[in-house]
Amino acid sequence: ASPQIGLSVWLIFALINEGPSVSLQYLTSKSSSLKSILKYFLKITTFMSCLSTIFLVTFKPIIVNNLTPPGVVRIKFSSIYPIITYTQALITGTLLLEGVAIGGKKFNTLAVGTVGSMCASVFMIGRCRNVWEIWMWGINALFLGRLGTAGIAVVRMWREEERRI
């Protein structure tokens, strides 16, 4: 039960933080200046990451006590809660940078990177012995890979923009 509760809490914030990604996709597709988009990206990522983390830290007692029954489930959920909290910055940055890359039509780069990240994540999860390790290694491997891939796509976009100037 604790992994499902953890996933639900994590997913709520991931979906909230994905919202600005849609605006970045649109802005990137319409803008001629990647520099201005990246400034916006840094501001919104910092704001959304901080807001999510502050909310999860501040309301931890309420979330943990109201979403889990006393006993083993609460203890296990409490053990993965810090990972859910600090990965919000990673997830937010990943989703928003992917939004920039999608707006720049870097679909092939994102597709290859996502498949590679997924394979790395599955490999890591296959070696995990408990829920904490799955969250720590499996989920983080997936999003670190996707963040790196989106970063590569944006660097390519930057170089293409410099060549046009």
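Look up a bit, the structure's there.
Residues numbered from 1 in each chain as written. Predicted model: local features only at pLDDT ≥ 70, side-chain atom pairs only at ≥ 80, totals over all residues. Heavy atoms only, no water.

Draft legend 1. Region of interest: the side chain of Ser 49. Here Ser 49 is to be found in helix α2 (residues 34-58). Judged by its relative accessible area of 9%, Ser 49 is buried. A distance of 2.8 Å separates a polar atom in the side chain of Ser 49 from the backbone oxygen of Thr 45. Setting aside anything within four residues of it in sequence, one finds Ser 49 in contact with Gln 88, Ala 89 and Thr 92. (Helix = DSSP H or I, 4+ residues; strand = E, 2+ residues; numbered from the N terminus. Buried < 20%, exposed > 50% of the residue type's maximum accessible area, 1.4 Å probe, protein only. Polar contact = N/O pair within 3.5 Å; in protein donor to acceptor, adjacent residues only side chain to side chain. Contact = heavy atoms within 4.5 Å.)

Draft legend 2. Looking closely at the pattern of salt bridges. Taken as a whole, this structure holds three salt bridges when the rule is applied. For Glu 98, the salt bridge is made with Arg 146, and the minimal N-O distance between the two is 2.6 Å. Here the residue Glu 98 occupies a position in helix α4 (residues 72-103), and Arg 146 occupies one in helix α6 (residues 131-164), the gap between them amounting to 48 residues. By relative accessible area, which is 16% here, Arg 146 ends up buried. Measuring nitrogen to oxygen at the nearest pair gives 2.6 Å for the salt bridge that ties Lys 106 to Glu 160. With Lys 106 in the loop between α4 and α5 (107-126) and Glu 160 in helix α6, this residue pair connects regions lying 54 residues apart in the sequence. Assessed through its relative accessible area of 30%, Glu 160 is described here as partly exposed. (Salt bridge = Lys/Arg side-chain N within 4 Å of Asp/Glu carboxyl O.)

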